[in-house]
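Next come the chains, spelled out residue by residue.
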Amino acid sequence: MRLKRATPLVVAAFVVGCTGSPSQSTPSAESMAESMAPESAAPESVAPEAEACSGQELRFVLSFIPNVQHAGFLVASARGYYEDEGLNVMIEPAGPNVDPVASVGDGSAQLGQVDYGQLLRAREAGVPIRSIAQTYKDSFLLWFSAADSGIETVEDWAGHTVGQIQVGDTVESDVMLAQAGLTPDDIEQVQQDFGIEDYLAGDVTVGTGVVFFHPASFNGQTEMAWPDDFNVFAPADYGAPIASQTVAVNEEFLASDPDALRCFLRASVRGWQATFEDTEAAVDDVMSFIPEGAIPREHQEAAIHDVLPIVGSGPDDDLLIIDPGQYAESLELMESVNYLEGGLNVEDTYDSSIYETMGPVSAP
């Protein structure tokens, strides 16, 4: 993989790309991809048991700008794990001109980090993509209110302002509301900047956040301590265990070169294993992909400890493995709140055979 540094950008302007389109305020993803590169990428030796590929080039589009939410993939790239597998992997950030769903769907990218809800809607529209791996075991979205606000349950959201930080629907909150006997009409949804400023200003009483940004921001920028000073509403705890980020692949490429996908997954799992083994070294690798001045290292050092629990329990966990049961439950829940029209066959939305046949993964 060959990436170079990009120009600085402001984190507060970013919008999460999990169930909606990327923010139009995000800098050009093409220019970022052309100008970003890890500062050090000394390849390690090829694992003797790995069956290397033969120089295939893969374009992998992230769900956002590079940060610790993508740590395993960035570590795999920075340390040469993809090269170990015989691959040339170009990692590209999402942005206003680079949509992972569209890029994977039209074949201009072979792979992309795509939220499962996005993937399902795309398949309803006839876009030929499937999941071959599941990055997170739990959602990276969360909702929060001050511990002394009196908003202690989702039922208490009724009549309050609830922040919306992403473009498009947020199915997790719709399902949580339904489980509490409420609908979106029972709350006042307001646009919330990606940062914490709107919440601190009192413009929203229930904020929306993501594990790779907001907890570390409160702890680093305010006197409020996360999670002690907050009531935190995680979707899985409130009846909405919606499957989150997937590694999505173009179906034509899935059929034509499964070996390349197996090589990609082996290297990626290895990258996540290395991240669990040494978070400080992993942050070093991640920072080499982040535009200078965009995200402080201290923030990423804190945030990585919020990200890893939704990835797995440790380096010996089945990292990136698909959970068919969670996929089936997610589809059913999304249909129940009319996020989907209905009629999708869950088995058509993923292919677990690549993961199951990728072979042994060497230790970091």
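Just so it is clear, the model here is predicted, and its values are computed rather than measured.

Colleague: Break down the overall build of the protein for me, with residues and values.
Modeller: Along the protein, the regular secondary structure elements total 14 helices and ten strands. When burial is assessed residue by residue, the protein has 59% of its 364 residues classed as buried. Working note: accessible area of the protein is about 13,700 Å², and carbon and sulfur atoms make up 46% of it.

Colleague: Could you give me a rundown of a negative patch on the surface, with the residues and numbers involved?
Modeller: Judged by side-chain charge, E277, D278, E280 and D316 come together as a negatively charged surface patch. Structurally, D278 can be placed in the loop between α10 (258–277) and α11 (279–287). On the basis of relative accessibility, which here comes to 39%, the residue D278 falls in the partly exposed class.

Colleague: Quick one: what's the story with the state of the cysteines, residue by residue and with numbers?
Modeller: Taken as a whole, this structure holds one disulfide when the rule is applied. Each disulfide pairs two cysteine sulfurs, and for C53 the partner residue is C263, the sulfurs being separated by 2.2 Å. Given an S-S torsion of about 100 degrees, the disulfide between C53 and C263 has right-handed geometry. Placement of the pair is C53 in the loop between α1 (29–35) and β1 (56–61) and C263 in helix α10, with a sequence separation of 210 residues. On the accessibility criterion, C263 (2% relative accessible area) is buried.

Colleague: Talk me through the sheet that holds strand β3 (residues 111–115); I want residue IDs and the actual numbers.
Modeller: With mixed pairing, the five strands of this open sheet are ordered in space as β2-β1-β3-β10-β4. Taken across any chain shown, the strands that pair with only one partner, and hence form the sheet edges, are β2 (87–92) and β4 (129–134). Between one strand axis and the next, the sheet turns through 30 degrees on average, direction left out of account. Judged from the five bridges that link them, β4 and strand β10 (residues 245–250) form a sheet pairing that is antiparallel. Each residue of the ladder has a partner; that of A133, found in β10, is V247.

Colleague: Quick rundown of unusual backbone geometry? Include the residues and the values.
Modeller: Residue P227 follows W226 across a cis peptide bond; omega there is 5 degrees. A positive phi angle, close to 70 degrees, is found at L320, a residue other than glycine. Residue class for L320 comes out buried when judged on its relative accessible area of 0%. For N338, which is not glycine, the phi dihedral falls at a positive 65 degrees. Topologically, N338 is positioned in the loop between α13 (324–336) and α14 (353–356). For N338, a relative accessible area of 65% puts it in the exposed group.

Colleague: I'd like a rundown of the environment of D237, residues and numbers included.
Modeller: Relative to the helices and strands, D237 resides in the loop between β9 (230–233) and β10. Assessed through its relative accessible area of 61%, D237 is described here as exposed. In the structure, D237 is positioned 61 residues away from M176 in sequence and 9.1 Å away in space, judged by C-alpha atoms.

Colleague: Go over the pattern of salt bridges, please, and point to the residues and values.
Modeller: Inspection of every chain in the model, using the stated rule, returns ten salt bridges. For the salt bridge of D259 with R262, the shortest nitrogen-to-oxygen distance reads 2.7 Å. Placement of the pair is D259 and R262 together in helix α10, with a separation of three residues, close to one helical turn. A relative accessible area of 44% means that D259 is categorised as partly exposed. A residue is classified by how much of its surface remains accessible, and R262, at 19% relative accessible area, is buried. Each of R123, R130 and E251 takes part in one network of salt bridges that share partners.

Colleague: I'd love a proper account of the packing of α10 against helix α12 (residues 297–311), names of residues and values included.
Modeller: Viewed as axis vectors pointing N to C, α10 and α12 meet at an angle of 130 degrees, and their least axial separation amounts to 11 Å. Here α10 lies oblique to α12, going by the angle between them. Note on packing geometry: the crossing formed by α10 with α12 is left-handed. Counted together, W272, T275 and F276 of α10 and I304, L308 and V311 of α12 form the full contact between these two elements. Considering only residue class, the contact of α10 with α12 consists of five nonpolar, one polar and no charged.

So, how was this worked out
Counting starts from 1 at the beginning of each chain's written sequence and moves along it residue by residue. It should be noted that, the model being predicted, local features are given only for residues of pLDDT at least 70 and side-chain atom pairs only at 80 or more, the latter also being counted only at that level, while totals for whole chains, interfaces and linings use all residues. Where side-chain values are given, they derive from all heavy atoms of the structure, hydrogens and water being excluded. Only runs of H or I of at least four residues qualify as helices and only runs of E of at least two qualify as strands under DSSP, and these elements are numbered from the N terminus. Exposed residues in this analysis have more than 50% of their type's maximum accessible area, buried residues have under 20%, and partly exposed residues fall in between, with area computed by a 1.4 Å probe over protein chains only. Surface exposure here means Shrake-Rupley accessible area, sampled with a 1.4 Å probe, where a residue is shielded only by the protein chains that are shown. Here the term patch refers to residues with relative accessible area over 30% and no salt bridge, with like charges joined within 9 Å and nonpolar side chains (Val, Leu, Ile, Met, Phe, Trp, Tyr) within 5 Å. Definition used for salt bridges: Asp or Glu carboxyl oxygen within 4 Å of a side-chain nitrogen of Lys or Arg. Residues scored as charged are limited to Lys and Arg (positive) and Asp and Glu (negative), so that His and the chain ends carry no count. A single reference atom marks each charge: NZ on Lys, CZ on Arg, CG on Asp, CD on Glu. The definition used for a disulfide is geometric: two cysteine sulfur atoms within 2.5 Å. For two strands to count as paired, DSSP must find a minimum of two bridges between them. In this analysis an axis means a line fitted to C-alpha atoms, helices contributing only their contacting stretch, and an angle means the value between N-to-C directions, from 0 to 180 degrees. Roughly parallel refers to an angle under 35 degrees, roughly antiparallel to one over 145, roughly perpendicular to one between 65 and 115, and oblique to any angle outside these ranges. For a crossing to be left-handed, the near helix must be turned anticlockwise from the far one by less than a right angle; the clockwise case is right-handed. Throughout, a contact is declared for two residues whenever any of their heavy atoms are within 4.5 Å. Under the convention adopted here, Pro, Cys and the residues Ala, Val, Leu, Ile, Met, Phe, Trp and Tyr are nonpolar, Asp, Glu, Lys and Arg are charged, and Gly plus all remaining residues are polar.

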